[in-house]
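Chain and residue survey
This is what each chain is made of:
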Amino acid sequence: MEARVVIDVARLDPDGETYAGTLDDAVLDLNDRFISPFAGVRYALDVRKIGRELLVRGSLEQDFSAVCSRCGEDFDFTVKIPDFVSSLEVDEKTEFVDLTDELRESIILGIPTYPVCRVDCRGICPHCRKNLNEGPCTCVAESGDERWNVLDGLRKEEGNNGVS
Ligand SMILES: [Zn+2]
Ligand SMILES: [Zn+2]
């Protein structure tokens, strides 16, 4: 796995080049106890220089293991950025351009705020804490949305402890 993605602009083929590989996901530096990346950022980028512009287009993918924000179960999901585009200014003196931060930003923007194990995850019962994906509980139904957001609860607790 690569520590950074650096384009050798000075030696770039005038017809453009493909840069592909796996970037170490440590660069994402998420610091989130509910979401952790694994297996690296897979990237495939078409890079070309047009005048004073370095045009980069391609796709990115990153796997994550996470805790479902509704039911609290562990699950994996993949952030896919099929249409990554970036344009950077270069000149005759530019030798290298480091794309790592651009790739990092794009992946991070693709992470859902409240990841769920599946769109129709039923969450857990706020009264008996049963995982409702495994079947209904015997609590008396109340009106309104009963879904309890596990991450919301845990994040609020953290906030109260003064941890950001
Ligand atoms: Zn779930
Ligand atoms: Zn219940």
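Rules and cut-offs
- Residues numbered from 1 in each chain as written.
- Chains lettered and ligands numbered in written order.
- Predicted model: local features only at pLDDT ≥ 70, side-chain atom pairs only at ≥ 80, totals over all residues.
- Heavy atoms only, no water.
- Donors = N, O, S within 2.8 Å, 3.2 Å for Na, K, Ca; no water.
- Tetrahedral: all angles 85-135°; square planar, octahedral: opposite > 155°, others 65-115°.
- Helix = DSSP H or I, 4+ residues; strand = E, 2+ residues; numbered from the N terminus.
- Buried < 20%, exposed > 50% of the residue type's maximum accessible area, 1.4 Å probe, protein only.
- Core = buried A, V, L, I, M, F, W, Y, C linked by side-chain atoms within 4.5 Å.
- Contact = heavy atoms within 4.5 Å.
- Pairing = 2+ DSSP bridges.
- Axes fitted to C-alpha atoms, helices over the stretch in contact; angles between N-to-C directions.
- Phe/Tyr/Trp six-rings, centres within 6.5 Å; stacked < 30°, edge-to-face > 60°.
- Patch = residues over 30% accessible without salt bridge, like charges linked within 9 Å, V, L, I, M, F, W, Y side chains within 5 Å.
- Areas by Shrake-Rupley, 256 points an atom, 1.4 Å probe, with all protein chains shown as cover.
- Salt bridge = Lys/Arg side-chain N within 4 Å of Asp/Glu carboxyl O.
- Lys, Arg positive; Asp, Glu negative; His and termini not counted.
- Charge placed at Lys NZ, Arg CZ, Asp CG, Glu CD.

Listed as protein donors to the zinc ion (ligand 1) are Cys 68 (SG), Cys 71 (SG), Cys 117 (SG) and Cys 121 (SG); their distances from the metal cover 2.3 to 2.4 Å. Here the zinc ion (ligand 1) is ringed by 4 donor atoms whose angles at the metal span 105 to 114 degrees, and the overall shape comes out tetrahedral. Look at where the donors of the zinc ion (ligand 1) fall in the sequence and you get C-x2-C-x45-C-x3-C. Here Cys 71, found in the loop between strand E4 (53-67) and strand E5 (74-89), pairs with Cys 117, found in the loop between helix H1 (100-109) and helix H2 (150-160); they are 46 residues apart in sequence, far enough to count as distant. Note on Cys 71: relative accessible area 7%, which makes it buried. Look at Cys 117 and you get partly exposed, because its relative accessible area is 29%.

Okay, the nonpolar core next. Formed by 36 residues in total, the largest nonpolar core has its most connected members in Leu 45, Leu 54, Leu 99 and Leu 103. For this core, the elements supplying multiple residues, two or more each, are strand E2 (17-23), strand E3 (35-50), E4, E5 and H1. Beyond its immediate chain neighbours, meaning those up to four positions away, Leu 45 contacts Glu 17, Thr 18, Tyr 19, Val 56, Arg 57, Gly 58, Ser 59, Leu 60, Phe 84, Leu 99 and Leu 103.

Time to look at the sheet that holds E5. Read from one edge to the other, the open sheet built from 4 strands follows the order E2-E3-E4-E5, with strand pairing classed as antiparallel. The open sheet terminates on both sides in strands that have one partner only, identified here as E2 and E5. If you compare each strand with its neighbour and ignore which way they point, the axes differ by 10 degrees on average. For E4 and E5, the ladder comprises 14 bridges, and the chain directions are antiparallel.

A few words on the packing of aromatic side chains. The final tally for this structure, using the stated rule, is 2 aromatic pairs. Judged by centre distance (5.3 Å) and plane angle (20 degrees), the ring pair of Phe 64 and Phe 77 falls under stacked. One end of the pair, Phe 64, is in strand E4; the other, Phe 77, is in strand E5, and 13 residues separate them in sequence. We classify Phe 64 as buried; its relative accessible area is 0%. Here the aromatic cluster, defined as three or more aromatic residues joined through ring pairs, consists of Phe 64, Phe 75 and Phe 77.

What follows is about the coordination of the zinc ion (ligand 2). Of the protein atoms, only Cys 125 (SG), Cys 128 (SG), Cys 137 (SG) and Cys 139 (SG) coordinate the zinc ion (ligand 2), at distances of 2.2 to 2.3 Å. Every donor counted, the 4 donor atoms about the zinc ion (ligand 2) form angles of 107 to 112 degrees at the centre, which fits tetrahedral coordination. A relative accessible area of 23% places Cys 137 in the partly exposed class.

This next bit is on a negative patch on the surface. On the surface, a cluster of negative charge is made up of Glu 73, Asp 74, Asp 76 and Glu 134. Note that Asp 74 resides in strand E5. A residue is classified by how much of its surface remains accessible, and Asp 74, at 65% relative accessible area, is exposed.

The subject of this paragraph is unusual backbone geometry. With phi around 55 degrees, Asn 31 is a residue other than glycine that occupies positive phi space. Along the chain, Asn 31 falls in the loop between E2 and E3. With relative accessibility at 78%, the residue Asn 31 sits in the exposed group.

Applying the stated criterion across every chain, the model contains 8 salt bridges. Between Glu 92 and Arg 52 there is a salt bridge, with its nearest N and O atoms 3.2 Å apart. Of this pair, Glu 92 sits in the loop between E5 and strand E6 (96-98) while Arg 52 sits in the loop between E3 and E4, and the two are 40 residues apart along the sequence. Here Asp 120 ties to Arg 118 by a salt bridge, and the two come within 2.9 Å at their closest N and O atoms. What makes Arg 118 partly exposed here is its relative accessible area of 37%. Taken together, the shared-partner salt bridges in this structure form one network comprising Arg 4, Asp 98 and Asp 101.

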